[in-house]
Amino acid sequence: MTGRVLPYDVQGSGPHRALVLHNWFGDRTSFAPLRAELDDAAGSYAFLDCRGYGEAIDADGAYTMEEVAADALAVADDLGWDSFSVIGHSMGGKAAQLMLLDAPDRVRSIVGISPVSAAGFPLDPETWELFAGAAENHGNRRAIIDNTTGGRYGDDWLGGLVDRSVRRSSATAFRAYLDSWSGTDFHERVRDNPAPVLLVVGAHDPALGKEAMEATWLRWYPNARLEVLPDAGHYAPEETPKALADVIEAFLAA
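Parameters and conventions
Residues numbered from 1 in each chain as written. Predicted model: local features only at pLDDT ≥ 70, side-chain atom pairs only at ≥ 80, totals over all residues. Heavy atoms only, no water. Helix = DSSP H or I, 4+ residues; strand = E, 2+ residues; numbered from the N terminus. Rg over C-alpha atoms; globule rule 2.2 N^0.38 Å. Contact = heavy atoms within 4.5 Å. 1 Å grid on protein atoms, 1.4 Å probe; cavity = no way out; pocket = protein on both sides within 12 Å on 5 of 7 lines; lining within 4 Å. Points joined across faces, edges and corners; volume = space filled by probe spheres on them. Expected span 1.5 Å × (residues − 1). Buried < 20%, exposed > 50% of the residue type's maximum accessible area, 1.4 Å probe, protein only. Core = buried A, V, L, I, M, F, W, Y, C linked by side-chain atoms within 4.5 Å. Polar contact = N/O pair within 3.5 Å; in protein donor to acceptor, adjacent residues only side chain to side chain. Phe/Tyr/Trp six-rings, centres within 6.5 Å; stacked < 30°, edge-to-face > 60°. Pairing = 2+ DSSP bridges. Axes fitted to C-alpha atoms, helices over the stretch in contact; angles between N-to-C directions.

Undergrad: Just give me the short version of the overall build of the protein, but keep the residues and values in it.
TA: A count of helices and strands for the protein gives twelve helices and seven strands. For the protein, the C-alpha radius of gyration of 16 Å lies close to 18 Å, the compact-globule estimate for 254 residues. A principal-axis box enclosing the C-alpha atoms of the protein has dimensions of 40 × 40 × 35 Å. Across the protein, the fraction of contacts at a sequence separation of at least 24, relative to all contacts at a separation of at least 6, is 80%.

Dropping the structure here:
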């Protein structure tokens with residue numbers, strides 16, 4: 001698949017290069033709290049919008065993880081990066097693995113933040129209706145965010161994430177990405193991949209926390225390790241940005 005160079009910006013000028021892929025509920029602006037904590041002298045981070053999100057909200061596409069991976073590699077080409085790591089949040093973590101498969105000589109390592117595995121994220125019928133309905137129903141979006149952060153936040157915080165999600169993603173893309181990140185399974189293709197992998201999850205994330213990582217990523221990547229952030233749920237870049245920045249920087253510098 002041939003990718004397209006989508007809107008992106010680079011922060012930092014350090015030697016540790018990383019492409020950064022956002023989650024289902026947020027465009028690249030969702031990383032703003034994390035970006036404030038990163039050491040610009042240590043890393044060079046390229047933050048990009050997936051098709052249907054942010055500055056790429058009007059970009060047509062199939063809205064699949066394969067397309068996200070191809071577009072991100074096109075951005076790497078645009079930057080002239082021959083070698084880099086990939087940081088993926090939630091659905092972005094699934095796309096990061098396709099980048100590793102598509103360009104194994106270029107992707108040095110993966111950082112998955114509450115990442116969806118290569119096997120996807122199977123949903124029971126009731127939960128499927130909740131997630132599929134979130135494209136049009138803002139209350140569904142709020143319920144999902146509330147659940148995956150442990151029910152610890154009030155209306156202002158939850159409403160802020162929902163509002164940004166609605167404003168900065170197209171409902172068509174949002175709905176289509178669900179099929180791709182939850183439904184497709186390519187875990188046999190990544191089994192025993194030797195790439196270094198850092199998994200960072202929140203202790204208050206019931207969906208993609210420690211147990212989910214032990215059942216998937218940690219079984220398939222022999223050089224994967226897990227960090228659990230005690231004060232985070234599913235949205236560590238916004239909940240605990242300093243703690244997340246510290247573990248990412250230590251991993252990339254190793």
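After presenting the structure, the write-up continues.
Undergrad: Which residues make up empty space enclosed by the protein, and what values go with them?
TA: Tallied over the full model, the rule gives one cavity of 30 Å³ or more. When its volume is computed, the largest cavity comes out at roughly 120 Å³. Taken together, 13 residues make up the lining of the largest cavity; nearest its centre are Ser90, Phe131, Thr148, Trp181 and His234.

Undergrad: Lay out helix H12 (residues 241-253) in plain terms, naming residues and giving numbers.
TA: If you check H12, its first and last C-alpha atoms are 18 Å apart, about what 13 residues at 1.5 Å a residue would give, namely 18 Å. For H12, every residue scored as buried is listed here: Pro241, Leu244, Ala245, Val247, Ile248, Glu249, Phe251 and Leu252.

Undergrad: Lay out the nonpolar core in plain terms, naming residues and giving numbers.
TA: Counting 60 residues, the largest nonpolar core has Leu19, Trp24, Phe84, Met99, Tyr177 and Trp181 as its most contacted members. If sequence neighbours within four positions are ignored, Trp181 has contacts with Trp24, Met65, Met91, Lys94, Val116, Gly120, Phe121 and Phe131. Listed in part, the 21 residues of the second largest apolar core include Phe47, Ile113, Leu198 and Ala245.

Undergrad: For the side chain of Arg51, give the residues involved together with the corresponding values.
TA: By secondary structure assignment, the location of Arg51 is in the loop between strand E3 (43-48) and helix H2 (65-79). Here Asp60 takes part through its backbone oxygen, which lies 3.0 Å from a polar atom of the side chain of Arg51. In terms of polar contacts, Arg51 uses its side chain to reach the side chain of Asp71, at 2.7 Å. When near neighbours in sequence (up to four residues on either side) are disregarded, Arg51 contacts Arg4, Leu6, Ala56, Ala59, Asp60, Gly61, Tyr63, Glu67, Asp71, Ala173 and Tyr177.

Undergrad: Can you explain the packing of aromatic side chains? Please cite residues and give values.
TA: For the coordinates displayed, the defined rule picks out 13 aromatic pairs. Considering the side-chain rings of Trp24 and Trp181, the 5.3 Å spacing of their centres and the 70° angle between planes classify their relative orientation as edge-to-face. Taken together, the positions of Trp24 in the loop between strand E2 (16-21) and helix H1 (32-35) and Trp181 in helix H7 (residues 171-183) put the pair 157 residues apart, joining distant regions of the chain. Look at Trp24 and you get buried, because its relative accessible area is 3%. The exposure class assigned to Trp181 is buried, which follows from its relative accessible area of 5%. Aromatic pair Tyr45 and Phe47: ring centres 6.4 Å apart, planes at 40°, arrangement tilted. With respect to class, Tyr45 is no different from Phe47; both count as buried. Aromatic rings pair up to connect Trp24, Phe25, Phe121, Phe131, Phe174 and Trp181 into one cluster.

Undergrad: Could you give an account of the sheet that holds strand E1 (residues 8-11), with specific residues and numbers?
TA: Strand order in the open sheet formed by seven strands is E1-E3-E2-E4-E5-E6-E7, with mixed pairing between adjacent strands. Because the sheet does not close on itself, it has two edges, and the strands there are E1 and strand E7 (224-229). Looking at each pair of strands side by side, their axes are set apart by 20° on average, direction ignored. Packing of H2 onto the sheet brings it into contact with E1, E2, E3 and strand E4 (84-89), and relative to E2 it is tilted by some 145°.

Undergrad: With reference to specific residues and values, describe H7.
TA: Compared with the 18 Å implied by 1.5 Å per residue over 13 residues, the 18 Å span of H7 between its first and last C-alpha is a close match. Taken as a whole, H7 has its buried residues at Ala173, Phe174, Tyr177, Leu178, Ser180, Trp181 and Ser182. Those residues of H7 that are buried are in contact with H2, helix H3 (91-102), helix H4 (125-133), helix H5 (138-148) and helix H6 (155-167).

Purely geometric stuff here, so don't read any function into it on its own.
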